[in-house]
Amino acid sequence: MSTEHTVKAGETLSLIAKRYLGNAGRYKEIATLNQIDNPDKIYVGQVLKIPSDSLQESKQQKQDPQPEASETQTTRSVTAEGESLVSLEELKTIFHKAKDKDVEQYCDAINECLRINEINTPLRIAHFLAQIAHESGCLHYTQENLNYSAKALRSVFGKYFPTDEEAEQFARKPEAIANRVYASRMGNGDEASGEGWRYRGRGFIQLTGKHNYESISRDTGVDLVNNPDLCATDPKWIVETAGWYWSKHRLNAKADQDDLKGVTRAINGGYNGLSDREAYLNLAKSTLNIQKAA
């Protein structure tokens with residue numbers, strides 16, 4: 001016995017596989033059955049054949065109650081908004097340097113972010129996860145570390161600390177450092193305003209500067225200008241700052257082209273850490289079963 005599915009707007013093979021086969025990772029089976037060479041390219045109205053075990057599994061799921069979630073459960077997480085695009089087990093594999101509790105903490109927030117920002121194909125997901133893995137030190141950092149030594153200040157921010165004496169005065173004083181280096185730019189007031197510190201980098205892609213906090217607040221309807229610490233303490237906003245930045249810079253288009261350098265430049269301003277980003281990207285591709293183009 002077999003069934004067919006007509007593709008609707010916004011659907012991906014992963015979502016279809018999750019619906020019929022109970023596991024989004026089985027999208028490759030649907031692709032093979034329908035002779036689809038690129039799983040990221042399906043179109044609205046396309047009629048897909050679904051592997052024959054889907055109906056039997058669907059009936060079985062209705063008859064059998066689902067077991068309670070446990071620490072060893074590897075099925076995909078489901079949030080209030082719907083089924084996930086990437087499973088907890090896949091995230092643990094990709095964020096392999098992170099503690100399990102940290103991956104678990106962010107799993108639902110990541111899936112919500114993927115849906116909201118239409119990061120909804122395996123290739124888009126792989127690029128997004130690779131970038132936040134690098135930028136956050138594999139989910140470790142949620143805000144900018146400004147605890148610089150005098151030597152580091154002279155090396156990194158020499159423009160703002162032109163002498164050793166000035167650098168020594170500011171060394172290991174994160175708030176003072178932020179107020180100096182971020183003063184009178186990115187929408188911030190002068191050094192005395194304290195806005196350099198107030199709007200320092202937060203979230204997995206370091207949302208920085210008052211203009212950015214104002215912009216994300218307008219776009220989301222949530223007042224992050226007056227509540228900037230949410231971007232470093234609330235899993236939803238720690239992740240969504242990255243998703244918002246991703247959408248704002250139209251990075252889905254670059255991910256669709258598998259343009260690692262283009263994505264990296266848009267996030268970093270250059271190619272710092274490119275080899276590490278590439279390593280995470282390759283791991284994500286392998287985990288999500290993305291095949292190399294012929």
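Everything here concerns the structure above.
My aim in this report is to walk through the structure given alongside it, one point at a time. Source: prediction; values computed, not measured.

1. Section: the pattern of salt bridges
(1) Moving on: Taken as a whole and judged by the stated rule, the model has 13 salt bridges.
(2) Moving on: The residue D256 makes a salt bridge to R124 at a minimum N-O spacing of 2.8 Å. With D256 in helix 14 (residues 251–256) and R124 in helix 6 (residues 122–135), this residue pair connects regions lying 132 residues apart in the sequence.
(3) Moving on: Using a relative accessible area of 34% as the deciding quantity, one classes D256 as partly exposed.
(4) Moving on: Looking at R124, the relative accessible area reads 16%, which means it is buried.
(5) Moving on: With its nearest N and O atoms 3.1 Å apart, the salt bridge here joins R180 to E191. In this pair, R180 is assigned in helix 9 (residues 174–181) and E191 in the loop between helix 9 and helix 10 (195–198), connecting sequence segments 11 residues apart.
(6) Moving on: Connected via shared salt-bridge partners are K92, D100 and E104.

2. Some remarks on helix 5 (residues 100–116)
(1) Moving on: Under the 1.5 Å per step criterion, the end-to-end length of helix 5 is 25 Å for 17 residues, consistent within 8% with the ideal 24 Å.
(2) Moving on: The sharpest bend along helix 5 measures roughly 40° and falls at C107.
(3) Moving on: Within the span of helix 5, buried status applies to D102, V103, Y106, C107, A109, I110, N111, C113 and L114.
(4) Moving on: Count one or two residues on from helix 5 and you reach E118, which has phi positive near 55°.

3. Side note on the environment of I216
(1) Moving on: Along the chain, the position of I216 falls in helix 11 (residues 210–220).
(2) Moving on: Taking the C-alpha atoms as reference points, I216 and Y245, 29 residues apart in sequence, are found 8.5 Å from one another.
(3) Moving on: Contact partners of I216, with chain neighbours within four places excluded, come to L207, G221, L224, E240, T241 and W244.

4. Brief notes about the packing of helix 6 against helix 15 (residues 260–268)
When two helices pack together, you describe them by how their axes are tilted relative to each other and by the distance separating the axes.
(1) Moving on: Interhelical geometry of helix 6 versus helix 15 gives an angle of 45° and a closest axis separation of 11 Å. When the axes of helix 6 and helix 15 are compared, the pair comes out oblique. Crossing geometry of helix 6 relative to helix 15 is assigned as right-handed. On helix 15, the residues touching H127, Q131 and E135 of helix 6 are L260, V263, T264 and I267.
(2) Moving on: Each residue belonging to the contact of helix 6 with helix 15 can be placed in one class, and the counts come to 3 nonpolar, 3 polar and 1 charged.

Here is what the cut-offs are and how they apply
- For every chain, the first residue of the written sequence is number 1, and numbering continues from 1 along that sequence.
- In view of the model being predicted, local features appear only for residues whose pLDDT reaches at least 70, and side-chain atom pairs are presented and counted only at 80 or more, with totals across whole chains, interfaces and linings using the full set of residues.
- The side-chain quantities take in all heavy atoms of the structure and omit both hydrogens and water.
- When a carboxyl oxygen of Asp or Glu is within 4 Å of a side-chain nitrogen of Lys or Arg, the pair counts as a salt bridge.
- Numbering of helices and strands runs from the N terminus, with a helix taken as a DSSP run of H or I at least four residues long and a strand as a DSSP run of E at least two residues long.
- When a residue's accessible area, from a 1.4 Å probe over protein chains only, is under 20% of the maximum for its type it is buried; when over 50% it is exposed; and in between it is partly exposed.
- In this scheme, a helix's expected span is set at 1.5 Å multiplied by one less than its residue total.
- The angle between axes fitted to the seven-residue stretch ending at a residue and the seven-residue stretch beginning at it gives the bend at that residue.
- We call two residues contacting when some pair of their heavy atoms lies within 4.5 Å.
- Only the stretch in contact is used when a helix axis is fitted, and all axes are lines through C-alpha atoms; the angle between N-to-C directions ranges over 0 to 180 degrees.
- The labels follow the angle: roughly parallel below 35 degrees, roughly antiparallel above 145, roughly perpendicular from 65 to 115, and oblique for the rest.
- Here is the rule for handedness: rotate from the far helix to the near one, and if that takes an anticlockwise turn smaller than a right angle the crossing is left-handed, while a clockwise turn gives right-handed.
- Each residue is assigned to one of three groups, with Ala, Val, Leu, Ile, Met, Phe, Trp, Tyr, Cys and Pro labelled nonpolar, Asp, Glu, Lys and Arg labelled charged, and all others, Gly among them, labelled polar.

On their own, these measurements won't tell you what the molecule is for.
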